Amino acid sequence: MNTDPLLTVSNFSVVYDVDPPVEAVSDVSFTLNRGEILGLAGESGCGKTSLAYGVQRLLKPPAVIPQGSAIFHDESGTDVDMNALSEEEMRRFRWDKASMVFQGAMSSLNPVTKIGKQLADVFTTHRPGMSRAERTRECGDLLDLVGVGRDRLKSYPHELSGGMRQRVMIAMALALKPQLMIMDEPTTALDVLVQREILQQISELRTQFGFSVVFITHDLPLLLEISDRIAIMLQGEIVELDTAANIYHHAQHEYTRKLLGSFPSLTGERGGFVYGRSDDTVAAGAVTGGATS
Ligand SMILES: Nc1ncnc2c1ncn2[C@@H]1O[C@H](COP(=O)(O)OP(=O)(O)OP(=O)(O)O)[C@@H](O)[C@H]1O
């Protein structure tokens, strides 16, 4: 496995300064490797979103970050301390280097604007030198890439299924070829087959472009399918971080075992597990034969 780090998070805490204060993330440290999919699992309220948004500096008051750092090891060789960036630098950084697919992102598409135009707006803002023809070509290429197809450039969001809308959001997050994508429950609202297809797509795109992914969900079986490593969060702390295979076969923490045990779908409708992928991770999907797109 590639152990060239892309992001080093150290002693990171997030507190909501309400009465009494809530320590949503407590002294969390981890490293994300280049090209790696790191799953962040844990039940609702354990602090997954606060951690991901905190690292991206997307939290608003009453959230405060009393301690910790997030260092981005840029492919240019420069280390960027994300806490030291100005608001403006951070805004640019967020799309260019590290993009995000939010929880329920597909409903954040503007309903009265064609999806091609919404995609093109990313380039208009961030690549002002691009000609209109280049923008249209890039947007078409992106829609092809995520399996929506360039013939949908002129479609309105309501003309697309939920899965297709979510793919458009992924296309948007991919637009500037970031090195990191943070995905917060990107497939939760979709049915299982569509989820599978999208996971497969993310995995293929990651192989093609080499970006890293932090994939957040409470759905541990789903993480086992897609992640190289998985971090288990409990009450604001990462209690276990290991390869997907080790999490599945040799969970060390009692809570991880509990979390695994709480998903009957592990051996039920999601299908049995397929072992022995070349990189020794775990992949589910035997029943559906994996995803097609
Ligand atoms: N604005 C806020 N003010 C006060 N407490 C908050 C605020 N936002 C989140 N919290 C608290 O911080 C803790 C962590 O929440 P967070 O949303 O990060 O968890 P999560 O694991 O992402 O949950 P979910 O899967 O439901 O999104 C929870 O106890 C939550 O109630």
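Only a predicted model underlies this, so the values are computations on that prediction, with no experimental measurement involved.

The rules behind these values
Residues numbered from 1 in each chain as written. Predicted model: local features only at pLDDT ≥ 70, side-chain atom pairs only at ≥ 80, totals over all residues. Core = buried A, V, L, I, M, F, W, Y, C linked by C-beta atoms within 7 Å. Buried ≥ 20, exposed ≤ 12 C-beta atoms within 10 Å, placed from the backbone. Helix = DSSP H or I, 4+ residues; strand = E, 2+ residues; numbered from the N terminus. Domains from an automatic or database assignment. Contact = placed C-beta atoms within 7 Å. Axes fitted to C-alpha atoms, helices over the stretch in contact; angles between N-to-C directions. Left-handed = near helix turned anticlockwise from the far one by under 90°. Nonpolar A, V, L, I, M, F, W, Y, C, P; charged D, E, K, R; others polar.

Core analysis: the biggest nonpolar cluster contains 70 residues, and Ala171, Val214 and Phe215 have the highest contact counts within it. The element best represented in this core is helix 5 (residues 162-174), accounting for eight residues. Residues from two domains meet in this core; each of domain 1 (5-97 + 178-284) and domain 2 (107-177) gives at least three. Ignoring any residue separated from it by four or fewer positions in sequence, one finds Ala171 in contact with Leu119, Leu142, Leu143, Leu145, Val146 and Val148.

With that out of the way, let us pick up the packing of helix 3 (residues 115-126) against helix 4 (residues 132-145). The interhelical angle for the contact between helix 3 and helix 4, taken along N-to-C directions, is 115°, at an axis separation of 9 Å. Note that helix 3 runs across helix 4; the crossing there is right-handed. Here Gly116, Leu119, Ala120 and Phe123 of helix 3 lie close against helix 4, whose contacting residues are Arg135, Glu138, Cys139 and Leu142. Its residues assigned to classes, the contact of helix 3 with helix 4 comprises five nonpolar, one polar and two charged.

Before going further, it helps to spend a moment on the domain arrangement of the chain. Split into domains, the chain comes out as domain 1 (5-97 + 178-284) and domain 2 (107-177). One C-alpha centre belongs to domain 1, the other to domain 2, and the line joining them spans 25 Å. Every contact between the two is made by 15 residues of domain 1 and, on the other side, 14 residues of domain 2. Those elements giving two or more residues to the side of domain 1 that touches domain 2 turn out to be helix 2 (87-96) and helix 6 (192-209). In terms of residue count, the dominant contributor to the side of domain 1 that touches domain 2 is helix 6 (seven residues). A per-class count over the side of domain 1 that touches domain 2 returns eleven nonpolar, two polar and two charged.

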